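Given next are the chains, with one letter for each unit.
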Amino acid sequence: MRCWSSTIESSHWELEDHQRQNLIIMMPALLILLGSAVILQADLLPDKTFALLPPVNFTIKVAGLAQVLLRWEPNPDQEQTNVMLGYHVKINGPQEDAFETKNTESKHVSVLHHGFSASVQTIPWTDHTLLASSWVSAELKAPPGSPGTSIVNLTCTTNTVASDWTRLRPYQVSLHCTWCAGKDAPEDTQYFLYYRYGSQTEECQEYTQDTLKRNHACWFPRAIIDSKGRDWLAVHVNGSSKHAAIKPFDQLFALQAIDQVNSPVNVTAKIEGTRLSIQWEKPVSAFQAHCFDYEVKIYNTRKGYFQTENMTTSEFNSTIRDISKYSIQVRAAVKSACRDGGLWSKWSQPIYVGNDEPRPWTEWFLVVLMATICILFILSLTCRRCHVWTKLFPPVPAPKSNIKDFIVTSNYEKTGSGETEIEVLSFVEEPGLEVLEDFVF
């Protein structure tokens, strides 16, 4: 038993010694792994002293009418790290703006006749604890030209018309622009207009001239413009003269602000009894019927007052109180749900419904007669109920019944000549009777 016990203890100690040796051998390996993890984590964390450098080769070039291309390159001396970089672009003029991008180029729409300037800097795209780089700037000089020679008061409008030009585009858009010559422009100045929508650019071919034979209006019967689009319409007008350099002019237009919506079509109205019903169809437009709001104007020609109603459908029903002649007009506007708010169309041509001719005299006579009868009947009932007749016309008292006989005495007198005979009648009142005057016949 002692030998067996000694053997077990010896085995136990040998096992513990073996485990210690394995632990001693594995310890350096564990320390190496731990050190590698710490080093890797340190590499993944950004260096707080890491500095961002500004971009290089920043340029601004004209890419189209009222459009520039901004382009730059990353700084080649920038340390290569795992930090994702981006760029902050700031437009300095003519109108301030700012945006961020991960690209190294960007197009921007802006008027250019006053020049253009912008700045760009490098920024951390994700880790905002790092500081952005310094700014680098570039500038596009204003085009040459004498002051006061560029056009003024440029206005443009678009309009949609139906077209059978192609089934893919059943509607076409026309563009009409007008302007005035610069106050210091020489009399021989001639102006020329161009427009750009998207990537398409066109020069005007149909001009209208003023008394000095200078172009002052332009008409594009079929412009390359999407009436439902949301891009800016860029218009550019330059000029030429033998006596001065004409300064060009740019202007940007939002389509919804210049689109002249057509009036509703096929407006009809009818009166049935006291019910007025008005119906119409949507304007000629690329927008669907549900994209329109309407206003209905009803004018009572006899009473001379207007009634205006806002509608979202293409019909209106109302009850009228009197028979008259009505003038009906309708106008439309595109809803903000389909496009940014824009202009109302012109009123449709007035249509007339009803009748304001005077009634025949026989009808008026019957009306007056019936009214008179009703009034007399009401007065009669009122007087009978309140005994008004008795108060207004009291009864006449009858003669007194106690008058008795009168004593009549006749006296005859003769004149000396015997030709005249006078009869005297005397009325003698009995006791209790009034004395009556004597009458001589």
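None of these values were measured; they are calculated from a predicted model.

**Student:** Even after reading the chapter, I still don't get the overall build of the chain, so can you show me in this structure?
**Tutor:** The helix and strand inventory of the chain stands at four helices and 24 strands. Taking contacts inside the chain between residues at least 6 apart in sequence as the whole, the part at least 24 apart equals 60%. Total accessible area on the chain stands at roughly 29,800 Å², and carbon and sulfur atoms take up 57% of it.

**Student:** Would you explain the sheet that holds strand S7 (residues 136-140) in this entry?
**Tutor:** Through backbone hydrogen bonds, the strands of a sheet pair up, either in parallel or in antiparallel fashion. Taken in spatial order, the four strands of this open sheet run S4-S3-S6-S7, and their pairing is antiparallel. Each edge of the sheet is formed by a strand with only one pairing partner; in this case those strands are strand S4 (97-101) and S7. Averaged over all adjacent pairs, the angle separating strand axes in this sheet is 20°, with direction ignored. As paired strands, strand S3 (residues 85-93) and S4 are joined by five bridges and run antiparallel to one another. Looking at the pairing, tyrosine 87 lines up with threonine 101 of S4.

**Student:** Whenever I open this one, the sheet that holds strand S14 (residues 232-240) confuses me. Can you help?
**Tutor:** Across the sheet, which stays open at both edges, the four strands sit in the order S11-S10-S14-S15 with antiparallel pairing between neighbours. The open sheet has two free edges, formed respectively by strand S11 (200-203) and strand S15 (249-254), since each of these has just one partner strand. Mean inter-strand twist for the sheet, computed between neighbouring axes without regard to direction, equals 20°. Relative to S11, strand S10 (residues 190-197) runs antiparallel, the two being bridged by four bridges. In the sheet register, tyrosine 194 faces S11, and the bridge partner there is glutamate 203.

**Student:** I'm lost on the packing of aromatic side chains in this one. Help?
**Tutor:** Note on aromatic pairs: each is described by the distance of the centres and the angle between the planes. For the structure on display, the rule yields six aromatic pairs. A centroid spacing of 4.9 Å and a plane angle of 80° characterise the contact between tyrosine 195 and phenylalanine 220, whose relative ring orientation is edge-to-face. Of the two residues, tyrosine 195 is situated in strand S10 and phenylalanine 220 in strand S13 (residues 215-223); the sequence distance between them amounts to 25 residues. Just as tyrosine 195 is buried, phenylalanine 220 falls in that class too. Here the aromatic rings of tryptophan 280 and tyrosine 294 are separated by 5.4 Å at their centres, their planes lie at 65°, and the arrangement is edge-to-face. Pair noted here: tryptophan 280 is in strand S17 (residues 275-281) and tyrosine 294 is in strand S18 (residues 292-300), with a separation of 14 residues, a long-range link. Assessed through its relative accessible area of 4%, tryptophan 280 is described here as buried. Cluster of aromatic residues (ring-pair linked, three or more members): Phe58, Trp72 and Tyr87. Sitting over the ring of tryptophan 347, lysine 297 keeps its end group 4.5 Å from the ring centre. For the cation-ring pair, lysine 325 lies above tyrosine 352, with the distance from its terminal atom to the ring centre recorded as 5.2 Å.

**Student:** How should the side chain of glutamine 329 be read in this particular structure?
**Tutor:** With respect to the helices and strands, glutamine 329 occurs in strand S21 (residues 325-334). Since its relative accessible area comes to 16%, glutamine 329 is described here as buried. A polar side-chain atom of glutamine 329 sits 3.0 Å from the main-chain carbonyl oxygen of serine 348. When sequence neighbours within four positions are dropped, the list of residues in contact with glutamine 329 reads Glu295, Val296, Lys297, Trp347, Ser348, Gln349 and Pro350.

**Student:** How should I be thinking about the state of the cysteines in this particular structure?
**Tutor:** Put plainly, a disulfide is one covalent bond tying together the sulfur atoms of two cysteines. Under the criterion given, the structure shown has three disulfides. A sulfur-sulfur separation of 2.1 Å characterises the disulfide bridge that pairs cysteine 156 with cysteine 177. The sign of the S-S torsion, about 110°, decides the handedness of the disulfide formed by cysteine 156 and cysteine 177: right-handed. With a gap of 21 residues between them, cysteine 156 in strand S8 (residues 152-162) and cysteine 177 in strand S9 (residues 171-180) connect regions that are remote in the sequence. Accessibility expressed as a relative area gives 4% for cysteine 156, which makes it buried. A residue is classified by how much of its surface remains accessible, and cysteine 177, at 1% relative accessible area, is buried. Among the cysteines of the chain that take part in disulfides, numbered as they appear in the sequence, the pairing is 1-2, 3-4, 5-6.

**Student:** In this structure, what is going on with unusual backbone geometry? I would like to understand it.
**Tutor:** Excluding glycine, residues mostly carry a negative phi; peptide bonds, for their part, are mostly trans. Here the bond from glycine 93 into proline 94 is cis, since omega is 10°, no more than 30 degrees from zero. Unusually for a residue other than glycine, asparagine 266 sits at a positive phi of about 55°. Relative to the elements of secondary structure, asparagine 266 occurs in strand S16 (residues 265-272).

The rules behind these values
- Residues numbered from 1 in each chain as written.
- Predicted model: local features only at pLDDT ≥ 70, side-chain atom pairs only at ≥ 80, totals over all residues.
- Heavy atoms only, no water.
- Helix = DSSP H or I, 4+ residues; strand = E, 2+ residues; numbered from the N terminus.
- Contact = heavy atoms within 4.5 Å.
- Areas by Shrake-Rupley, 256 points an atom, 1.4 Å probe, with all protein chains shown as cover.
- Pairing = 2+ DSSP bridges.
- Axes fitted to C-alpha atoms, helices over the stretch in contact; angles between N-to-C directions.
- Phe/Tyr/Trp six-rings, centres within 6.5 Å; stacked < 30°, edge-to-face > 60°.
- Buried < 20%, exposed > 50% of the residue type's maximum accessible area, 1.4 Å probe, protein only.
- Lys NZ or Arg CZ within 6 Å of the ring centre and 35° of its normal.
- Polar contact = N/O pair within 3.5 Å; in protein donor to acceptor, adjacent residues only side chain to side chain.
- Disulfide = S-S within 2.5 Å.

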